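If you want the building blocks of each chain, they are given just below.
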Amino acid sequence: MTRRPHRAQLPEERPESTAPLPPPELTEAECRRCGTYIAGLDGRYACGVCGWVNDHSEGHRRLPRADEDPDRPQKGRRRPRQLPWPPLEAPPALPQTLPQSPSTTPAEPPAGPPYPC
């Protein structure tokens, strides 16, 4: 028997939080894989040397909800439309330079001193 996919449950509407979020705490530790000294926010780390990342649940505080994000777009705004990639048409070809004919000679410099006095 094949299971039918269920629709995702939308979260309940919550009143807007007016309390500011506490600033994150800078924490330091050693990478569990390579031993490099690393820093993170609220106990969440990522090593730039070997790529190790600890689980988000190991942090010191809960992560903020989406509605607590001060940079979240206002309700009802859509995401900007993404440009198609790769470009639909190739860029125009650059014109090839033609070799100069031997009959053309460079112009002679003007007579007189090379630098004005």
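Attention here is on the structure that accompanies the text. If you're wondering where the values come from, they're calculated on a predicted model, not measured in any experiment.

Conventions and cut-offs
- Residues numbered from 1 in each chain as written.
- Predicted model: local features only at pLDDT ≥ 70, side-chain atom pairs only at ≥ 80, totals over all residues.
- Heavy atoms only, no water.
- Disulfide = S-S within 2.5 Å.
- Buried < 20%, exposed > 50% of the residue type's maximum accessible area, 1.4 Å probe, protein only.
- 1 Å grid on protein atoms, 1.4 Å probe; cavity = no way out; pocket = protein on both sides within 12 Å on 5 of 7 lines; lining within 4 Å.
- Points joined across faces, edges and corners; volume = space filled by probe spheres on them.
- Nonpolar A, V, L, I, M, F, W, Y, C, P; charged D, E, K, R; others polar.
- Helix = DSSP H or I, 4+ residues; strand = E, 2+ residues; numbered from the N terminus.
- Polar contact = N/O pair within 3.5 Å; in protein donor to acceptor, adjacent residues only side chain to side chain.
- Contact = heavy atoms within 4.5 Å.
- Pairing = 2+ DSSP bridges.
- Core = buried A, V, L, I, M, F, W, Y, C linked by side-chain atoms within 4.5 Å.

The next thing to look at is the state of the cysteines. Working definition: the covalent bond between the sulfur atoms of two cysteines is a disulfide. The final tally for this structure, using the stated rule, is 0 disulfides. For the unlinked cysteine cysteine 34, the closest cysteine sulfur is that of cysteine 31, found at 3.8 Å. Assessed through its relative accessible area of 38%, cysteine 34 is described here as partly exposed. In this structure cysteine 47 is a free cysteine whose sulfur lies 3.8 Å from that of cysteine 50, the closest cysteine sulfur available. Relative accessible area serves as the criterion here: at 5%, cysteine 47 is assigned to the buried category.

The space that makes up the second largest pocket amounts to roughly 290 Å³. Along its surface, the second largest pocket is lined by Leu21, Pro22, Pro23, Pro24, Leu41, Asp42, Arg44, Arg61, Arg62, Leu63, Pro64 and Glu68. Tallied by class, the residues present in the lining of the second largest pocket amount to 7 nonpolar, no polar and 5 charged.

Another aspect to go through is unusual backbone geometry. Of note in this structure, aspartate 42 is not a glycine but carries a positive phi near 55°. For aspartate 42, a relative accessible area of 11% puts it in the buried group.

Its location among the elements puts glutamate 68 in the segment after strand 2 (37-41). Reaching out from glutamate 68, the side chain makes a polar contact with the backbone nitrogen of arginine 65 at a distance of 2.8 Å. If we ignore the near neighbours within four places in the chain, the residues touching glutamate 68 are Leu21 and Arg62.

Attention shifts here to the pairing of strand 2. Going residue by residue along strand 2, you find Ile38 and Gly40 tucked away on one face and Tyr37, Ala39 and Leu41 left uncovered on the opposite face. Bridge analysis of strand 1 (residues 26-30) against strand 2 gives 5 bridges, and the strand direction is antiparallel. Considered in strand 2, the bridge of leucine 26 is made with leucine 41. Linking two consecutive strands that pair antiparallel, namely strand 1 and strand 2, is a turn of 6 residues; a positive phi of about 85° is found at glycine 35 within it.

Right, let's talk about the nonpolar core for a bit. Counting residues in hydrophobic clusters, the biggest one holds 5 residues: Cys31, Ile38, Tyr45, Cys47 and Trp52. Apart from residues no more than four positions distant in its own chain, tyrosine 45 is found in contact with Thr27, Glu28, Ala29, Ile38, Ala39, Gly40, Trp52, Val53 and Asn54.

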